[in-house]
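# Observations on the three-dimensional arrangement
Residues per chain, in single letters:
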Amino acid sequence: MELEKFSFGVGDRFARQAKAQLAAFELAAKAGVEIVPVWNKSNREHTMIGSSPDSVRAAADVAVEALGWAKGYYVDADHIRLDTVDGFTASSDFYTIDVAEYIGKAESAELVSAFVAAHPELSGSVVVPGIDGALALSANNVERIAGKYIGSVREAGRIYRHIATVKGEGEFVTEVSMDETDAPQTPPELLVILALMSDEGIPAQTIAPKFTGRFNKGVDYVGDLAEFEKEFRDDLAVIAYAVGRYHLPKNLKLSVHSGSDKFSVYAPIRRALADFGAGIHLKTAGTTWLEELIGLAEADGEGLALAKEIYGKALAKREALCEPYATVIDIDPTKLPSADEVAGWSADRYVVAVRHDPSNPGFNPSMRQLLHVGYKVAAQMGDRYLDMLDACQESIAKNVTENLWVRHIQPLFLGK
Ligand SMILES: [Zn+2]
């Protein structure tokens, strides 16, 4: 199973928007760019919402059938670990193996020295085409980096082999993710990680490092754009080099997590991909759920009333809702309007505050981020929320498709 050059992860918290999401990929195909959708949902999300992995597969299959989508599509067991993977093996054909928590965990010193001894080509100056100057990697550096990451890669190997015994080798796409950690992985670290992965026999088709800067949920990138672009290009160069040098899958590519809404990095990413002829997997995070709220509000009447109620409840539970996401949101509580104030808003006022248009003076990134992490409030409403989605489906679908197509796919893949 070989993942296409361009793939795009879509989340659908309440499993109602797959058709509207797929419509964006149809528009891309009509415009001449083939991007395959990957429906992703993590164990954490399933637990929070009370859904099961099978529901993601079912919703994807229904959408693909309804729209007659003839290209590839995948269902991603997102951020799985050894203790959570089994629930996903029946329904998923894409596995994001999350080994970030194993970074820095001690492994036997013999394994590390054996790796260093087996890879003399890494200890010195490594010339990587596409990177100005050589990567200066001393034996000490390689030992330090290998020591830091070998535990993660060995754990990824254990999880990969576990999936392979159930699904069969070559029957699924493997991604290794290390993004949910504090420090970004540098390009020299990425090179050592890829060599470790090759030795471990993991046929990863995508790798998700942590990049420099902040990838907050639902809002734009925060960080040094020039630094990001340099790092991203160096990562592409390292991957192209490692694929040849270490016999990794030829389609191995970067996976950008929390990639939705990062408008300011799309142009640098697009330039880099074109220069290197590289592919990408961009994983979105909760951006569709926010379009559900926008669609509800835009429908006015009861839809707007429910969207306001969700905000009020999210505001009341702010600290509890934000706690699991503390490292990936930046909310200024003083910028959050009171529930009473929002209760008096028009549909347009609500839509403008939440829709991700940074150029609009009414846009409120703190409110958007609070709602982003507030999906538990809607989940607890159960059928009341789901029935309202159905009632307002027309305005929701329009917003879901437009968000992916106009604000994400067009700038990233078509340069618009
Ligand atoms: Zn991630």
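Keep in mind the model is a prediction, meaning the values are calculated, not measured. (Residues numbered from 1 in each chain as written. Predicted model: local features only at pLDDT ≥ 70, side-chain atom pairs only at ≥ 80, totals over all residues.)

So, on to the overall build of the protein chain. Scanning the protein chain for helices and strands turns up 17 helices and ten strands. By the compact-globule yardstick of 22 Å for 416 residues, the protein chain fits well, its C-alpha radius of gyration being 22 Å. The C-alpha extent of the protein chain, read off along each of the three principal axes, is 70 × 45 × 40 Å. Going through the 416 residues of the protein chain one by one, you find that 47% of them count as buried. Excluding contacts between residues fewer than 6 apart, the proportion of contacts in the protein chain whose partners are at least 24 apart in sequence is 78%. (Helix = DSSP H or I, 4+ residues; strand = E, 2+ residues; numbered from the N terminus. Rg over C-alpha atoms; globule rule 2.2 N^0.38 Å. Buried ≥ 20, exposed ≤ 12 C-beta atoms within 10 Å, placed from the backbone. Contact = placed C-beta atoms within 7 Å.)

Helix length check: helix H10 (residues 301-316), at 16 residues, gives a terminal C-alpha distance of 23 Å against a target of 22 Å (1.5 Å per residue), a fit within 8%. Within H10, burial applies to Gly303, Leu304, Leu306, Ala307, Lys308, Ile310, Tyr311, Ala314 and Leu315. (Expected span 1.5 Å × (residues − 1).)

One non-glycine residue, Ser258, lies in the positive phi region at around 50°. Structurally, Ser258 is set in the loop between strand E9 (253-256) and helix H8 (263-276).

The domains assigned to the protein chain are domain 1 (6-285) and domain 2 (287-403). On a C-alpha basis, the centres of domain 1 and domain 2 stand 29 Å from each other. Grouping the amino acids of the side of domain 1 that touches domain 2 by side-chain chemistry returns ten nonpolar, nine polar and six charged. (Domains from an automatic or database assignment. Nonpolar A, V, L, I, M, F, W, Y, C, P; charged D, E, K, R; others polar.)

Moving on to the sheet that holds strand E10 (residues 280-283). As summarised here, the arrangement of the eight strands in space is E1-E2-E3-E4-E7-E8-E9-E10, forming a closed barrel in which the pairing is parallel. Ignoring strand direction, the axes of neighbouring strands in this sheet form an average angle of 25°. Summarising the sheet, strand E7 (residues 173-177) and strand E8 (residues 206-208) pair through three bridges and their orientation is parallel. Bridged to Glu175 within E8 is Thr206. Sheet contacts for helix H5 (residues 139-167): strand E4 (94-98) and E7; angle to E4, the most-contacted strand, approximately 155°. (Pairing = 2+ DSSP bridges. Axes fitted to C-alpha atoms, helices over the stretch in contact; angles between N-to-C directions.)

Taken across its seven residues, strand E3 (residues 74-80) has seven buried, putting it largely inside the fold. As paired elements, strand E2 (residues 36-42) and E3 share five bridges and run parallel to each other. Looking at the pairing, Trp39 lines up with Val75 of E3.

Among the five residues that make up strand E1 (residues 6-10), five are buried, leaving the element largely enclosed by the rest of the structure. By the alternation rule, side chains of E1 split into Phe6, Phe8 and Val10 and Ser7 and Gly9, which are all buried. As paired strands, E1 and E10 are joined by four bridges and run parallel to one another. Across the sheet, residue Phe8 finds its bridge partner in E10, namely Leu282. As defined by bridge partners, E1 adjoins E2 across four bridges and the pair is classed as parallel. Paired with Gly9 across the two strands is Val38, which belongs to E2.

Turning to the packing of helix H7 (residues 225-245) against H8, a few remarks are in order. Any two packed helices are characterised by the angle at which their axes cross and by the distance between the axes. Contact geometry of H7 with H8 gives a least axis separation of 10 Å together with a crossing angle of 30°. By the angle between their axes, H7 is roughly parallel relative to H8. You can see that H7 and H8 cross each other, and the crossing is right-handed. The segment H7 lies against H8, with Leu225, Phe228, Glu229, Phe232, Arg233, Leu236 and Ala240 engaging Ser264, Val265, Pro268, Ile269, Ala272 and Phe276. Looking at the contact of H7 with H8, its residues break down into ten nonpolar, one polar and two charged. (Parallel < 35°, antiparallel > 145°, perpendicular 65-115°, else oblique. Left-handed = near helix turned anticlockwise from the far one by under 90°.)

Let's shift gears to the environment of Asn251. Take Asn251: it is sitting in the loop between H7 and E9. In this structure the C-alpha to C-alpha distance between Asn251 and Phe14, which are 237 residues apart in sequence, comes to 32 Å. When neighbours within four sequence positions are excluded, Asn251 is seen to be in contact with Glu2, Leu3, Lys5, Gln205 and Gly279.

Glancing now at the packing of H5 against helix H6 (residues 187-200). Contact geometry of H5 with H6 gives a least axis separation of 9 Å together with a crossing angle of 45°. Taken together, the axis directions place H5 and H6 in an arrangement best described as oblique. Seen along the crossing, H5 lies across H6 with a hand that is right-handed. Counted together, Val142, Ile145, Ala146, Tyr149, Ile150, Val153, Arg154 and Gly157 of H5 and Glu189, Val192, Ile193, Leu196, Met197 and Glu200 of H6 form the full contact between these two elements. Of the residues in the contact of H5 with H6, the class split is ten nonpolar, one polar and three charged.

Of all hydrophobic cores here, the largest spans 123 residues; its most connected members are Ala146, Val192, Leu196 and Leu296. Ranked by residues supplied to this core, first place goes to H5 with ten residues. Setting aside its immediate chain neighbours within four residues, Ala146 contacts Val112, Phe115, Val116, Val192 and Leu196. (Core = buried A, V, L, I, M, F, W, Y, C linked by C-beta atoms within 7 Å.)

Moving on, we come to the environment of Asp61. Inspection of the secondary structure puts Asp61 in helix H3 (residues 53-67). Asp61 gets classed as partly exposed once you count the C-beta atoms within 10 Å, which come to 15. In this structure, the C-alpha to C-alpha distance between Asp61 and Tyr74, residues 13 residues apart in sequence, is 9.7 Å.

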